[in-house]
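Now for the letters of each chain:
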Amino acid sequence: MGPGFRRDDEFGAMNVSEAFRALRIHNDSTGYHTGIESMQTDDLTPGEVLVKVAYSSINYKDALAGTGKGKILRQFPLNGGIDLAGYVAASTDPKFKEGDQVLCTGCGLSETRDGGYAEYARLESKWTIPLPAGLTLRESMALGTAGFTAALALFQMTRNGQTPEMGPIVVTGATGGVGSLAIDVLTRAGFEAHAITGKLDHFDYLIGLGAHQCIARKELYWGQRPLETAHWAGAIDSVGGDLLSGLTRVIKPYGNIAICGNAGGIELGTTVMPFIIRGLSLLGVGSAGTARDIRDRIWEHLAGDWKPLHLDRIANRDVTLDELPGAFATLLEGGAVGRSVVRIA
Ligand SMILES: NC(=O)c1ccc[n+]([C@@H]2O[C@H](COP(=O)([O-])OP(=O)(O)OC[C@H]3O[C@@H](n4cnc5c(N)ncnc54)[C@H](OP(=O)(O)O)[C@@H]3O)[C@@H](O)[C@H]2O)c1
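What counts, and at which threshold
- Residues numbered from 1 in each chain as written.
- Predicted model: local features only at pLDDT ≥ 70, side-chain atom pairs only at ≥ 80, totals over all residues.
- Heavy atoms only, no water.
- Helix = DSSP H or I, 4+ residues; strand = E, 2+ residues; numbered from the N terminus.
- Buried < 20%, exposed > 50% of the residue type's maximum accessible area, 1.4 Å probe, protein only.
- Near = heavy atom within 4 Å.
- Polar contact = N/O pair within 3.5 Å; in protein donor to acceptor, adjacent residues only side chain to side chain.
- Areas by Shrake-Rupley, 256 points an atom, 1.4 Å probe, with all protein chains shown as cover.

Before going further, it helps to examine unusual backbone geometry. Cis geometry marks the peptide bond from Phe76 to Pro77, where omega comes out at -10 degrees. Turning to its location among the elements, Pro77 is positioned in the loop between helix 1 (60-67) and strand 6 (78-79). At Ser110, a residue that is not glycine, the phi angle is positive and equals roughly 60 degrees. Inspection of the secondary structure puts Ser110 in the loop between strand 8 (101-105) and strand 9 (120-123). On the accessibility criterion, Ser110 (1% relative accessible area) is buried. Look at Tyr254: it is not a glycine, yet its phi comes out positive at around 60 degrees. For Tyr254, the location among the structural elements is in strand 15 (residues 251-259).

The next subject is the site of the ligand. Inspection of the region around the ligand gives 26 residues, with Thr197, Arg217, Cys260, Val285 and Ser287 positioned closest. Contact between the ligand and Ala174: an oxygen atom at 3.4 Å from a main-chain N or O atom of the residue. Residue Ala263 places a main-chain N or O atom 3.2 Å away from an oxygen atom belonging to the ligand. For the ligand, whose free accessible area comes to 920 Å², the fraction covered by protein is 85%. For the shell around the ligand, the elements supplying multiple residues, two or more each, are helix 2 (137-159) and helix 3 (177-188).

Now the structure itself:
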């Protein structure tokens, strides 16, 4: 790996002999601004594990943070990037040694701590995940927060009684990062996945990931009644707003809707009827603050029995730090298909 370090003590406290590059986000007297800057490891948010970052990824939240279109950072300045994977360069926690491959998603990255859009980052050891056997570093970032969220959604649903025998699960925002990976993960786990998308020209892509049926978002009509004919046994929703509101009325008895995102709006309009007549459950999915024991189980699934079969097709673009601003714009316009991996090293 050759990160250019000098070992200072037996636990691997090391000094970096060179400056490194980072996409740093500011909000100061000159306004909200983002740019590539040169830093030293001493400038990074403290943490036990210094990581030479190899890959990061682009999530909706990264695009909001990188453009200032959403309030993601809770302090300034910080390096962007809510995901990262790389090699341990130094650790004051003996559980990690130089050269170990590790990853981290969420856990304050690009919110309260310097994130993964940088050649180096410091992690808290309690949130540092050893790369699971069965995944490469790049694959772990092809998954990133989006894959973790899709798997966490399914995990919550199955814990609440969802089974493949109950019927198909519909995925909204289907061509997006969470949506694409949800279709693949659901299929791997034995569920029949259906896709709702705004991109009519990407039905083939979705069927290639395993979707049994694709539905154009603009052709959906939910009817007017509090309960309408039930079509699906459950849903993984990353859109919110009217789409989620409509879904609550068309889920079969004792189904679950895992609520992951708000790409289409933050409102939720419904009545008590789906809950008291059909026993519907709405399950909140908050990936960033997931407890460590659940986090470990989700990564185990993602590296094993739920590992998507089409990661290369979904994460079909590698971008550099310099290319991030253009990629943020495409994502926020809803025009991105699948995921982008950020190649740092
Ligand atoms: N809860 C969590 O922990 C968590 C974790 C990750 C992401 N999220 C959230 O989940 C959502 C998706 O994230 P992502 O990274 O997958 O983003 P993404 O790759 O940009 O995917 C979002 C998808 O939603 C659809 N969409 C976009 N704008 C829309 C609109 N105005 N109305 C309806 N659909 C629209 C598009 O899919 P189609 O064109 O196929 O419809 C788009 O590809 C975001 O809201 C994000 O903040 C939450």
